[in-house]
Amino acid sequence: MSDPVEVLDDLRDESEELDRLVGELSEEQWRAQTPAPGWTIAHQIAHLAWTDRAALLAATDADAFAAEAEKAIEAPDRFVDEGAEEGAELPAEELLARWRTGREQLQEALRAVPPGVRFPWYGPPMSAPAMATARLMETWAHGQDVADALRVVRTPTARLRHVAWIGHRARDYAYLVRGVPAPVEPFRVELQAPDGSLWTYGPEDAAQRVTGPALDFCLLVTQRVHRDDTALIAEGEDAERWLGIAQAFAGPAGGGRTPEEA
């Protein structure tokens, strides 16, 4: 896990980079469709604002969060979309202001959480650094959808290490949500970082291995690209199967993306 202050700083920087991408968009551009079916740019930002609010409740008001969590239990297949749709109906200026205010409040709340303290979440309880890592992962992933809608190519940064870390850590979760047993043995993951250095996870002598660009791995575990459209190399049948189902985000099994046309 990253240093708490460092990951919170990186979350702030990731959010600000996305803010620069959407801050000057017209109302028409906010309604542009993204690669996520049925989601516009407004839906993407509304989802981030909605989840920031849920995280703020979890960190500051467990009872209020419990009430919100009940909605997820009652409508597990709809509550995420409903939250995004409600925010997406707002005027762009109001939605942008809501997202900015919410993420600033969450920053303050997470920085105030004492070390070692965990608070409730939709899955296992979260520490402040774990929540910040998850929020950064989602901000980057939904930011990719926005960038794709605007046909903007973003420059990968060292902040991807947080996305790669949670993607590796979430290996068994991808199996769990599909109702199949996860491999017993750990995998080795070796990723080439944007600066050319190597990010490594798992034992060096693991038989099952994944190697390749960190950007491709992060796009894959957030299901922003199809396995066939990456330069990732899997050694071992279990490693290859994992790359076909990997997901770094909580919730039901994701449908992933279709491969690009040749």
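Just so it is clear, the model here is predicted, and its values are computed rather than measured.

A.B. asks: Is there a simple way to explain the overall build of the protein in this structure?
C.D. replies: Within the protein, the regular secondary structure consists of 11 helices and 6 strands. For 262 residues, the compact-globule formula gives about 18 Å, and the C-alpha radius of gyration of the protein, at 18 Å, lands near that figure. Taken along its principal axes, the extent of the C-alpha atoms in the protein is 50 × 45 × 35 Å. Counting only residues that meet the buried cut, the protein has 50% of its 262 residues in that class. Within the protein, counting contacts between residues at least 6 apart in sequence, those at least 24 apart form 66% of the total. With an accessible surface of roughly 13000 Å², the protein has 52% of that area assigned to carbon and sulfur atoms. Counting 25 positive and 46 negative side-chain charges, the protein places the averaged centre of each group 1 Å from the other.

A.B. asks: Any chance you could explain the pairing of strand β5 (residues 209-213) here in plain terms?
C.D. replies: Note on strand geometry: in a regular strand, side chains alternate between the two faces of the sheet. The element β5 is extensively covered by neighbouring structure, given that 4 of its 5 residues are classed as buried. Note: β5 against strand β6 (residues 233-235), 3 bridges, orientation antiparallel. Paired with V210 across the two strands is A234, which belongs to β6.

A.B. asks: Would you mind going over helix α1 (residues 4-22) with me for this structure?
C.D. replies: Side chains three or four residues apart in an α-helix point the same way, a direct result of the helix having 3.6 residues per turn. With 19 residues, α1 extends 27 Å from end C-alpha to end C-alpha; this agrees with the ideal 27 Å at 1.5 Å per step. Where α1 is concerned, the buried positions are V7, L8, D10, L11, E14, S15, L18, D19, L21 and V22. Elements that come into contact with the buried residues of α1 comprise α2 (27-30), α3 (41-60), α6 (92-112), α7 (128-150) and α8 (160-169).

A.B. asks: Just to check I follow, could you spell out a negative patch on the surface for this structure?
C.D. replies: Together, D81, E85, E86 and E89 make up a negatively charged patch on the protein surface. Tracing the backbone through its elements, the reader meets E86 in helix α5 (residues 79-88). The class for E86 is exposed, based on a relative accessible area of 54%.

A.B. asks: Whenever I open this one, the sheet that holds strand β3 (residues 188-192) confuses me. Can you help?
C.D. replies: The pairing of strands in a sheet happens through backbone hydrogen bonds and is either parallel or antiparallel. If you walk across this open sheet you meet the 4 strands as β4-β3-β5-β6, and the pairing is mixed. In this open sheet, the two edge strands, each paired with only one partner strand, are β4 (198-201) and β6. Strand-to-strand twist of the sheet, defined as the mean angle between neighbouring strand axes without regard to direction, takes the value 10°. Relative to β4, β3 runs antiparallel, the two sharing 4 bridges. Looking across to β4, one finds that L191 is bridged to W199. Its contacts with the sheet place α8 against β3 and β4, and it is angled at close to 20° to β4.

A.B. asks: Would you explain the pattern of salt bridges in this entry?
C.D. replies: Using the criterion set out here, one finds 20 salt bridges in the structure. Among the ionic pairs, E138 bridges to R135, the shortest N-O distance being 2.7 Å. With E138 and R135 both in helix α7 and 3 residues apart, the pair spans about one turn of that helix. The exposure class assigned to E138 is buried, which follows from its relative accessible area of 16%. The exposure class assigned to R135 is buried, which follows from its relative accessible area of 2%.

A.B. asks: Help me out: how do you make sense of the nonpolar core in this one?
C.D. replies: General note: in soluble globular proteins, nonpolar side chains tend to be found buried as a group. The biggest cluster of nonpolar side chains holds 54 residues, and the ones touching the most others in it are L110, W121, L191, W199, F217 and W242. When residues of this core are assigned to their parent elements, the largest contribution, 9 residues, is made by α7. For F217, the residues in contact, after removing those within four places along its chain, are A164, G167, H168, V189, L191, L232 and W242.

A.B. asks: Please explain the pairing of β3 as it appears in this structure.
C.D. replies: The element β3 is extensively covered by neighbouring structure, given that 4 of its 5 residues are classed as buried. When β3 meets β5, the two strands line up parallel, connected through 5 bridges. Bridge assignment links L191 to a residue of β5, and that residue is G212. Here β3 hands over to β4 after 5 residues, with G196 in that stretch at a positive phi of 95°.

A.B. asks: What's the story with the packing of α1 against α7 in this structure? I'm lost.
C.D. replies: For any two helices packed against each other, one specifies the crossing angle of their axes together with the interaxial distance. One can describe the packing of α1 onto α7 by two numbers: an axis separation of 9 Å at closest approach and a directional angle of 20°. The orientation of α1 with respect to α7, classified from their angle, is roughly parallel. Both α1 and α7 take part in a crossing whose hand is left-handed. Residues P4, V7, L8, D10, L11, E14, S15, L18, L21 and V22 of α1 lie in contact with α7, whose contacting residues are P129, A132, T133, R135, L136, T139, W140, G143, V146, A147 and L150.

A.B. asks: Could you clarify how one ought to interpret the environment of A253 in this entry?
C.D. replies: If you trace the backbone, A253 turns up in the segment after α11 (237-245). Through-space distance from the C-alpha of A253 to that of R178 is 6.3 Å; in sequence the pair is 75 residues apart. Excluding anything up to four places from it in sequence, A253 contacts V177, R178 and Q247.

Thresholds applied
Residues numbered from 1 in each chain as written. Predicted model: local features only at pLDDT ≥ 70, side-chain atom pairs only at ≥ 80, totals over all residues. Heavy atoms only, no water. Helix = DSSP H or I, 4+ residues; strand = E, 2+ residues; numbered from the N terminus. Rg over C-alpha atoms; globule rule 2.2 N^0.38 Å. Buried < 20%, exposed > 50% of the residue type's maximum accessible area, 1.4 Å probe, protein only. Contact = heavy atoms within 4.5 Å. Areas by Shrake-Rupley, 256 points an atom, 1.4 Å probe, with all protein chains shown as cover. Lys, Arg positive; Asp, Glu negative; His and termini not counted. Charge placed at Lys NZ, Arg CZ, Asp CG, Glu CD. Pairing = 2+ DSSP bridges. Expected span 1.5 Å × (residues − 1). Patch = residues over 30% accessible without salt bridge, like charges linked within 9 Å, V, L, I, M, F, W, Y side chains within 5 Å. Salt bridge = Lys/Arg side-chain N within 4 Å of Asp/Glu carboxyl O. Axes fitted to C-alpha atoms, helices over the stretch in contact; angles between N-to-C directions. Core = buried A, V, L, I, M, F, W, Y, C linked by side-chain atoms within 4.5 Å. Parallel < 35°, antiparallel > 145°, perpendicular 65-115°, else oblique. Left-handed = near helix turned anticlockwise from the far one by under 90°.

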